[in-house]
Amino acid sequence: MPASGFGFSQSSRSQNSPHYPHLFSDKELFGNADRLSKPLIGDGGRVYVCSEKMLLAFENNGSIAWLLPLSFKCNMSKAPVYGGKGMIYLIAENRVLQINIMKVGTSEAAISVFFDPGPGQEGDEIVGLAVSTMYSSVFITVKNRGLFAHLTRGQLLWSAGPVLDRYGYKQGCTKGVQHCYFASAPVIDQCEASVHISNTEGELYSVSVRSLEFKWIQDLSSFDRVYTVTPGNNGRLYVTVPVKSLILAMDVSSGNILWQKSVGPLSTEQSSPMVDSYGWVTIGSLDGFLYSFSPTGTLKKFPEAAVSDSVIQFGLFLDCSGYAVYFCQTEMEGKVIHMNNQYTYVSAMKPKSSIFTLMVPATGKIFWSESHHGPFLSSLSKSDLQNFVVDEGMLLAFVTAAKIGNRLPCRSKGLKLASSCSQGTDKRQSIHTGNRRAILLFLLFQSLLLVVLAAALRFCCVFWRKKKLQGQDLGRFLEKRRSLQLKKKAYDRRITELEHKAAEEAVANEAIEKLGELVRERQGIERKLSTSYSLGRDRAGSISKSVLPLSDERTRSYSFRRGKKESVTIFHTLSNTSSEESSSDRELGSDSEGEELVDKGKAKAPIEAERSSDDQQQLGRRKYQISPSEPASSPKGYMNSLFGKQETGEEKFDDEREVVGARPSSSRSIWLKRRRTLSLSN
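Computed from a predicted model, the values in this text were never measured in an experiment.

Calculation notes
- Residues numbered from 1 in each chain as written.
- Predicted model: local features only at pLDDT ≥ 70, side-chain atom pairs only at ≥ 80, totals over all residues.
- Heavy atoms only, no water.
- Pairing = 2+ DSSP bridges.
- Helix = DSSP H or I, 4+ residues; strand = E, 2+ residues; numbered from the N terminus.
- Axes fitted to C-alpha atoms, helices over the stretch in contact; angles between N-to-C directions.
- pLDDT = per-residue confidence, 0-100.
- Contact = heavy atoms within 4.5 Å.
- Buried < 20%, exposed > 50% of the residue type's maximum accessible area, 1.4 Å probe, protein only.
- Lys, Arg positive; Asp, Glu negative; His and termini not counted.
- Salt bridge = Lys/Arg side-chain N within 4 Å of Asp/Glu carboxyl O.
- Polar contact = N/O pair within 3.5 Å; in protein donor to acceptor, adjacent residues only side chain to side chain.
- Disulfide = S-S within 2.5 Å.
- Phe/Tyr/Trp six-rings, centres within 6.5 Å; stacked < 30°, edge-to-face > 60°.
- Lys NZ or Arg CZ within 6 Å of the ring centre and 35° of its normal.

Taken in spatial order, the four strands of this open sheet run β6-β7-β8-β9, and their pairing is antiparallel. Every other strand in the sheet has two partners, leaving β6 (81–84) and β9 (111–115) as the edge strands with one partner each. Neighbour to neighbour, the strand axes of the sheet diverge by 30 degrees on average, direction disregarded. Pairing of strand β7 (residues 87–91) with strand β8 (residues 96–100) involves five bridges; the strand directions are antiparallel.

Written as structure tokens, this is what we have:
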């Protein structure tokens, strides 16, 4: 027979007799002994099993604690499932029953139908169920119908078939949908919040617990269409292919295969490994060895010495600590192994003895071991179990329940889950923290981008609220702004030419007046560009720092800058020859001393006004000089002298030159005095 099957020679005893009479050699339990379903080990050390239309709770010593009659016949191939808060779920006649064990023995109803096909309907076969206490959800697979997700209070969350059509793209059942349906019980990875299930075509699905979303679909039909899935809760998912004796480790987030390893022949198509808190995955084989693989695929075999007549054919149980596993090794009589191409066949006559062992796969340390003739197993033969058909698998469950906390300290389910989940979390974090500099640069870039977007948004809000823009469209606004900019450039070029000409030689009064007009025109354009036609918000026009020219109807002044550290001020002083003005002349001080002249007469001194953020500049000193060409008998003409103003306060004057010119007139004389002050840097 193939590796997925294990046979014994038939005896003359009836079919209701125990499969392993060597376990209870002193008891003849033939007749009407009932079979038990696969067991569930509860938190308190009780073992829950189903038998026909009865749910039984056994103490770990084999005595019956209570039994609960059911209205439907149990599915003997499915073990009850623990749902937290005293709830147990089990499959009975294509229905899922919810049993509150806290209400057993009270006047309240302890049994309710959680899921059924509907009134008057037989319903399709329920393949399996799984419960997530972390997400308070129950997942049920129904043949030919799909996967159903319910809250523990009964509300339907979502349902999914093997084919999902999104945006015209079909996911699942790529080889054909006629006979494609979910064929396995759902398994839950608590750390990744995902449900894993396979279909009849050999495709493995990963579905989100919270919503109907296929995370990935992996086609494993190249290995086989029938396999079992075991969640590692450590970033890995383990797939067992019994017919080829393979174990695959997959990345639970992507579905990629990390490694695959071969083991010895397996007993059934439902064989699945056990994953401990260290991340080691362990499975027993019909060759008598226990195969254990590390998270990276390193193999350890137990025992080290070969035992040719032994088999490990039943599933393992995890110790309450999460680090050790219980397994049963059975010595067989007449064991024969046949090899045929890719398959291995194992046959035997009957079992002779069994050894039950508690071991830590990561270290290989054995904490406890006992044969079926030991004191504990012998006591079970005298308990209520003698009324039922039992095998090594059932006895292994009672051994596990009885040894809770005896050898290794127990840990809570939450602590064990956190320990295993951290293995997958550390693995994923190492991928990202290895390039920390790149992550910081990316975050900095995102921050700068947000600042730029915020500034652009603020600019747009301010810009579109401008009065000029509201009165006309954007094109006309930009055209007007561009024309103003072109005019300003033209004025700048003309003013620069006149400034150079005035700085190098004496110019006519008309040219200076024209310069002043150009300066005023340019200032007007600048005010428009900085207020009404700016790209920012509207604001009142700022007062110019220097309003030129200054005029008091008799004197005019023009200021301009020729270089970085050279400023030139031109004053025009009109002097009358009348005796009225000459009588108001002031006394002159010495030329060499450069004393100050305070003009309190009618002719007011021109003032060059400048505004600054800190303080207004003080007025410069006014100097005077009488032309030597003036006759002594003529009326005294007074003239406001030129002065040059230094831009930087810490630099000194190295050179002063004064140029005095006079232009005669019929009614009055026009005196032009230009004084240039040059400042040379050290």
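What follows continues from the structure just given.
Mean pLDDT over the protein: 75, with 68% of residues reaching 70 or higher. Confidence drops under a pLDDT of 50 for residues 1–31, and excluding neighbours within four residues, the segment shows 80 contacts in the predicted structure.

All right, on to the side chain of K416 then. Tracing the backbone through its elements, the reader meets K416 in helix α3 (residues 413–433). Buried charge without a partner: K416 forms no salt bridge, and the closest opposite charge is D43, 7.4 Å away.

Residue position: Q98 is located in strand β8. On the basis of relative accessible area, Q98 is assigned to the buried category, the value being 13%. A polar contact of 2.7 Å, which involves the side chain of Q98, links it to the side chain of Y89. A distance of 3.4 Å separates the side chain of Q98 from the backbone oxygen of T152, its partner in a polar contact. Residues contacting Q98, with those up to four places away along its chain left out, are M87, I88, Y89, A110, I111, S112, F114 and T152.

Turning our attention to the state of the cysteines. The bond known as a disulfide is covalent and runs between the sulfur atoms of two cysteines. A complete count under the given rule lists four disulfides for this structure. Each sulfur of the disulfide joining C50 and C74 lies 1.6 Å from the other. With C50 in strand β3 (residues 47–51) and C74 in the loop between β5 (64–69) and β6, this residue pair connects regions lying 24 residues apart in the sequence. On the basis of relative accessible area, C50 is assigned to the buried category, the value being 2%. Here the bonded cysteines of the protein are numbered in sequence order, and their pairing is 1-2, 3-4, 5-8, 6-7.

Moving on, we get to the packing of aromatic side chains. Tallied over the full model, the rule gives twelve aromatic pairs. In this structure an aromatic cluster arises from ring pairing among F58, F388 and F398. Against the face of F289 rests K301, its NZ or CZ located 4.3 Å from the ring centre. Stacked on the ring of F376, the Lys or Arg K403 has its end atom at 5.7 Å from the ring centre.

So, on to the sheet that holds strand β12 (residues 146–151). Strand order across the open sheet formed by four strands is β10-β11-β12-β13, with antiparallel pairing between neighbours. With one partner strand each, in any of the chains shown, β10 (126–132) and β13 (156–160) form the two edges of the open sheet. Geometrically, the sheet is characterised by an average inter-axis angle of 15 degrees between neighbouring strands, direction not taken into account. Judged from the six bridges that link them, β10 and strand β11 (residues 137–142) form a sheet pairing that is antiparallel. From the neighbouring strand, G128 faces β11, where its bridge partner is T141.

This part is about the pairing of strand β22 (residues 246–251). For β22, the tally of buried residues reaches six of six residues, placing the bulk of the element in the interior. Residue alternation in β22 divides its side chains into two sets, L246, L248 and M250 and I247, A249 and D251, and both sets are buried. Inspection of the sheet shows strand β21 (residues 236–241) paired to β22 by six bridges, in the antiparallel sense. Within β22, the position partnered with V239 by the bridge is L248. Linking β21 to β22, which pair antiparallel, is a turn of four residues; within it S245 sits at a positive phi near 55 degrees.

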